[in-house]
Amino acid sequence: MKLMKTLLAAILLLTVIGCTDANNKASDEPGKKVEVQTSVQLWSVRKTLKTDFEGTLTRIAEMGFDGVEFARDFGPYKEDPEGLKKFLDSIGLKVSGAHLGFNAFKPENFDKTVAFYKAIGAPTLIIPKDKRAFTDDKVDVFIDELVAISEKLKVHGLKTGYHNHWQEFEEFYDTTFWDYIAMKTPKNVVMQLDVGWTNYAEKNAVDYISRYQGRTITTHFKPQFAKSKKESEKAMGHVAIIGRDNFDWSAVIEACIKVGGTNWFVIEQEEYPLGLTPLEAVKASKEGFDAIVAKIRL
């Protein structure tokens, strides 16, 4: 009996030591490396796209992007979604989503719109801007129309949502238009936060991602704007390239992953500093974004 107790005590001691070692190893290990999908809003390269559609998309694929977000320019594939999908597959690009206006969802256009975007594999169709969204007596009509479209698209396995500019952060009642839209729409309506415009409006992107959890499934990463259009890059001390614009992108990326539900990080380049071409500026921001992501552990 004494021998048995001694053996049991030894086994218990070894078990405790083993658990302690395992816990120490776990605590010493760095967090899991972040893996994200990156896309580019094709408005960034709209002029290049018009002169060389396939060549531009091929260059984007070579930069390491996983996908593209369309902005109503489909080059030679305007009436050939199957051909566009085949071409995108051949260069290894997915479709993260698309920007299109309410006209595309009018009854006479709805079926054709759905068929086209389903054929190219676009999961999310975002309204990029609508003045009613920041107009006191029209915002409710805008919301009703957005919700109605979301319900119609749900049947087809598609989502819709809205993309902000700075005006949506103007005060409305005791909140902002952006908050009002978020509160008045169901959770399946995507709130596609444009971080650049959010900064321009002097709002905190992390706060908004956290406030509407799971609704930022695609996010626009636009290099930091100056506080006003009159302020030059020199005055601001920044360059409009991700990673060189004096902005803490890592905090936004972490919020997107932890609470935003972000599936796609969409880089949008609207400024082309240092004499860079649109494609060169996009490439520089992609490299800056990748460098930031590489340092993040969650």
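Relevant structure appears above.
Residues numbered from 1 in each chain as written. Predicted model: local features only at pLDDT ≥ 70, side-chain atom pairs only at ≥ 80, totals over all residues. Heavy atoms only, no water.

A. Here's a closer look at the environment of Ala205. Looking at the element boundaries, Ala205 is found in helix 9 (residues 205-211). Each C-alpha atom of the pair Ala205 and Trp249 lies 9.9 Å from the other, and the pair is 44 residues apart in sequence. In this structure Ala205 touches Leu193, Val195, Thr198 and Val252, once residues within four positions along its chain are discounted. (Helix = DSSP H or I, 4+ residues; strand = E, 2+ residues; numbered from the N terminus. Contact = heavy atoms within 4.5 Å.)

B. Examining the pattern of salt bridges more closely. Summed over all chains, the structure comprises 13 salt bridges. As a salt-bridge pair, Arg132 and Glu145 come within 3.0 Å of each other at their nearest N and O atoms. In this pair, Arg132 is assigned in the loop between strand 4 (124-127) and helix 6 (139-154) and Glu145 in helix 6, connecting sequence segments 13 residues apart. Through salt bridges with shared partners, a single ionic network connects Asp194, Lys222, Glu268 and Glu270. (Salt bridge = Lys/Arg side-chain N within 4 Å of Asp/Glu carboxyl O.)

C. Inspection of the packing of helix 6 against helix 7 (residues 177-184) at higher detail. At their nearest, the axes of helix 6 and helix 7 sit 10 Å apart, and the two run at 40 degrees to each other. Overall, the two elements helix 6 and helix 7 adopt an arrangement that is oblique. For helix 6 against helix 7, the interelement crossing comes out right-handed. Seen from helix 6, the contacting residues are Val139, Asp140, Phe142, Ile143 and Val147; seen from helix 7, they are Phe177, Tyr180, Ile181 and Lys184. (Axes fitted to C-alpha atoms, helices over the stretch in contact; angles between N-to-C directions. Parallel < 35°, antiparallel > 145°, perpendicular 65-115°, else oblique. Left-handed = near helix turned anticlockwise from the far one by under 90°.)

D. Representation of the packing of helix 3 (residues 53-62) against helix 4 (residues 81-91) within the structure. The geometry of helix 3 relative to helix 4 is characterised by a closest axis approach of 10 Å and an angle of 35 degrees between their N-to-C directions. Relative to helix 4, helix 3 is oriented so that their crossing is right-handed. When helix 3 is examined against helix 4, the residues Phe53, Glu54, Leu57, Thr58 and Ala61 are found in contact with a partner set consisting of Leu84, Phe87, Leu88 and Ile91. Of the residues in the contact of helix 3 with helix 4, the class split is seven nonpolar, one polar and one charged. (Nonpolar A, V, L, I, M, F, W, Y, C, P; charged D, E, K, R; others polar.)

E. Inspection of the packing of aromatic side chains at higher detail. Under the criterion given, the structure shown has 22 aromatic pairs. Considering the side-chain rings of Phe105 and Phe110, the 6.5 Å spacing of their centres and the 50 degrees angle between planes classify their relative orientation as tilted. Exposure class is identical for Phe105 and Phe110. Each is buried. Residues Phe265 and Phe289 carry aromatic rings whose centres are separated by 5.7 Å and whose planes lie at 45 degrees to one another, so their mutual orientation is tilted. Linking Phe265 in strand 10 (residues 264-267) with Phe289 in helix 12 (residues 278-294), this pair joins segments that are 24 residues apart in sequence. Over the ring of Phe102 we find Arg132, and its NZ or CZ is 5.1 Å from the ring centre. A cation over a ring is seen here: Lys286 above Phe65, with NZ or CZ 5.4 Å from the ring centre. (Phe/Tyr/Trp six-rings, centres within 6.5 Å; stacked < 30°, edge-to-face > 60°. Buried < 20%, exposed > 50% of the residue type's maximum accessible area, 1.4 Å probe, protein only. Lys NZ or Arg CZ within 6 Å of the ring centre and 35° of its normal.)

F. Expanded view of the side chain of Thr113. If you trace the backbone, Thr113 turns up in helix 5 (residues 107-120). Residue classification places Thr113 among the buried residues on the basis of a relative accessible area of 9%. Other than its neighbours up to four places away in sequence, Thr113 contacts Leu100, Ala104 and Phe105.

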